[in-house]
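The chain contents come next:
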Amino acid sequence: KHFIFLGAPGVGKGTQAQRLAQLMDLPHVSTGDMLRASVQSGRETGLRAAAVMESGALVGDEIIVRIVEERLLLEDASDGVIFDGFPRTIHQAHALDNLLAAHGDEIGAVLHLDLDDEEIVGRLSGRRVCSKCGAIYHIRYHAPTVYGLCDICGGGLQQRDDDQPAVIRKRLAVYQAETAPLIAYYHDRPAYHLVSGEGEVDDVFSRIVKAVGVAG
Ligand code: AP5
Ligand code: ZN
């Protein structure tokens, strides 16, 4: 079974998806991370995606569906994955339903994280990400022990290019226009859970574990 994190940029999808992946021993599949890796590789697709991501818009559905399809074919995905940042458009949600139906797979849970915009902007402006292992930090809420260095692997922490105030506003608007319609798309399914993103990371995680029904 596959798990989906749905919610605005900065709501805490990546933070919670990394933890759930560890708990459930399933791969964490972040389309944002995959796109950023492809930008780093300097390949054609990556370079085109970089410009789109820096503007805060969404990368084209065809590219996204293709990378997800390829990812699901890898052996470690056979028991399910934790999706983070996918699907993000109605087209992607349809494509996922078709893909899962073709393989006899199901969605185990849609975890819709919800948080005020004001709180979101505060979280995104202080975010730092490990350049080596991808661990997520915040300069105030989740600071590393040693300034600028990852607690887990010692890698250097970086600010994402799209965590600038103007781009954050654009991403929130794009979320409302293109991704928020997915709430209605999933709302009436038994797998759908609305989870408050407020409070400490541990508190949010307890709510998720309860919704999913695994032992935390
Ligand atoms: P992507 O990488 O998916 O970014 P996003 O959706 O904007 O989400 P974020 O990573 O910004 O936030 P998050 O919810 O994961 O929050 P986090 O846990 O880091 O996408 C980037 C771009 O790629 C898109 O704009 C688009 O161009 C493209 N893209 C990706 N997928 C696509 C798709 N499917 N289709 C089309 N285009 C696609 O937390 C944020 C901060 O808050 C951190 O500092 C964290 O430490 C802190 N924090 C987390 N939880 C808490 C808490 N409980 N209390 C206090 N602080 C907290
Ligand atoms: Zn690290």
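Residues numbered from 1 in each chain as written. Chains lettered and ligands numbered in written order. Predicted model: local features only at pLDDT ≥ 70, side-chain atom pairs only at ≥ 80, totals over all residues. Heavy atoms only, no water.

**Q** Explanation requested: the coordination of the zinc ion (ligand 2) in the structure shown.
**A** Metal coordination angles in their ideal form are 109.5 degrees for the four-donor tetrahedron and 90 or 180 degrees for the six-donor octahedron. Donor atoms from the polypeptide that coordinate the zinc ion (ligand 2) comprise Cys-130 (SG), Cys-133 (SG), Cys-150 (SG) and Cys-153 (SG), at 2.3 to 2.4 Å from the metal. For the zinc ion (ligand 2), the four donor atoms are set out with angles of 95 to 115° between them, so the coordination reads as tetrahedral. In the primary sequence, the donor residues of the zinc ion (ligand 2) line up as C-x2-C-x16-C-x2-C. In this pair, Cys-130 is assigned in strand β5 (residues 127-130) and Cys-150 in the loop between β6 (136-138) and β7 (157-158), connecting sequence segments 20 residues apart. You can call Cys-130 buried: its relative accessible area is 4%. (Donors = N, O, S within 2.8 Å, 3.2 Å for Na, K, Ca; no water. Tetrahedral: all angles 85-135°; square planar, octahedral: opposite > 155°, others 65-115°. Helix = DSSP H or I, 4+ residues; strand = E, 2+ residues; numbered from the N terminus. Buried < 20%, exposed > 50% of the residue type's maximum accessible area, 1.4 Å probe, protein only.)

**Q** Any chance you could explain the sheet that holds β7 here in plain terms?
**A** Backbone hydrogen bonds are what pair the strands of a sheet, in a parallel or an antiparallel way. In spatial order, the strands read β6-β5-β7; together these three strands make up an open sheet with antiparallel pairing. Two strands close off the open sheet at either side, each with one partner strand: β6 and β7. Both β5 and β7 contribute to a ladder of two bridges, which runs antiparallel. Following the sheet pairing, Cys-130 is matched in β7 by Leu-157. Seen against the sheet, helix α6 (residues 117-125) touches β5 and β6 and runs at an angle of roughly 45° to β5. (Pairing = 2+ DSSP bridges. Contact = heavy atoms within 4.5 Å. Axes fitted to C-alpha atoms, helices over the stretch in contact; angles between N-to-C directions.)

These figures come from the coordinates and say nothing about function on their own.
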